[in-house]
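Fold and geometry: a report
One letter stands for each residue in the lines below.
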Amino acid sequence: MSAIIFQNCEDQAFVATDTLASDHEGRPGLFRSKAFYVPHLKTIVFATGFAEMLENWFVYINRRLMVDGVEHLDAFAPEALDELWASLRQEMGGVMDQHQCQSTTVHHMGVSEVTGKIVVYVYRSTTGFASERLPPGLAVKPECTLPEGEADIFELMKEMRHIQKSSGLPLNQQVHIGGEVQLYQLTPQGCEISTYARFDDYNEARAKMQREIDARRYLQEWEQSLGDKSY
């Protein structure tokens, strides 16, 4: 699951995500990108919920669809997303159950090939991925306090994390936020991607990931060394 902040206007927009991927007990597993820019469509694809859905959808768009832009993509998205989600649930349903992750929401933020203005479409598994066009504005997930003026992205992310950690929810129901904040800034001319901020426990999380990788590698090498010998 991801921390997402996005704001859209007709002539400029942004998406910010964290980069931490964790297991169902909240242990850091790796850092990963949680939004993808598709240059030939001038569209940012991002999602909340099960991470593999976003990655599979990005590959699907890039390899299987002949579309002209975000509006044309909208015509195909509901049916294609529904089929992809059903396939993913069949393949990885057990993992989803561990993470208490039974839904996903996919967003397309792109420059309309019809009007030249920035638009945002959202597709929710809970509504069968029906297309919904969002009005201009600021949106966040998970919850935090929405500012009245200009948003401080990193402060919002830190508040999200504090709310999740102090929620009292089981670990597999919390959104575990960390790593870095990646910022995608979209205009009709293109998209600029940058690292906006880094959480103060980044190095600690990375060290935990490395120890886990080293432990798995040691166990694998030990098992291989045994061969057919009994133990």
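Up top you'll find the structure we're talking about.
Read on for a plain summary of the structure. Keep in mind the model is a prediction, meaning the values are calculated, not measured.

What follows covers the overall build of the protein chain. Broken down by element type, the protein chain carries 4 helices and 12 strands. The C-alpha radius of gyration of the protein chain comes to 19 Å, within 12% of the 17 Å expected for a compact globule of 231 residues. On the principal axes, the C-alpha backbone points of the protein chain span a range of 70 × 40 × 30 Å. Burial analysis of the protein chain (231 residues in total) assigns 44% to the buried set.

Glancing now at the side chain of T43. Structurally, the position occupied by T43 is in strand β6 (residues 43–49). Among the polar contacts made by the side chain of T43, one reaches the main-chain carbonyl oxygen of L41 at a distance of 2.8 Å. Not counting residues up to four positions away in its chain, the partners in contact with T43 are F36, Y37, V38, V70, H108, M109 and G110.

Within the secondary structure, H176 sits in the loop between α3 (153–165) and β11 (180–187). By relative accessible area, H176 is classed as buried at 16%. Here L171 takes part through its backbone oxygen, which lies 2.8 Å from a polar atom of the side chain of H176.

Moving on, we get to the sheet that holds β11. The strand order across the open sheet built from 5 strands is β10-β1-β2-β11-β12, with neighbouring strands paired in antiparallel fashion. Two strands close off the open sheet at either side, each with one partner strand: β10 (137–141) and β12 (190–198). Recorded for the sheet is a direction-independent mean angle of 10° between the axes of neighbouring strands. Bridge count between strand β1 (residues 4–8) and strand β2 (residues 13–17): 5 bridges; the pairing is antiparallel. Bridging from a neighbouring strand, F6 pairs with V15 of β2. Each of β1, β2, β10, β11 and β12 touches α3; the most contacted strand, β1, lies at about 140° to it.

About the thresholds
Residues numbered from 1 in each chain as written. Predicted model: local features only at pLDDT ≥ 70, side-chain atom pairs only at ≥ 80, totals over all residues. Heavy atoms only, no water. Helix = DSSP H or I, 4+ residues; strand = E, 2+ residues; numbered from the N terminus. Rg over C-alpha atoms; globule rule 2.2 N^0.38 Å. Buried < 20%, exposed > 50% of the residue type's maximum accessible area, 1.4 Å probe, protein only. Polar contact = N/O pair within 3.5 Å; in protein donor to acceptor, adjacent residues only side chain to side chain. Contact = heavy atoms within 4.5 Å. Pairing = 2+ DSSP bridges. Axes fitted to C-alpha atoms, helices over the stretch in contact; angles between N-to-C directions.

Keep in mind these numbers describe shape, not what the thing actually does.
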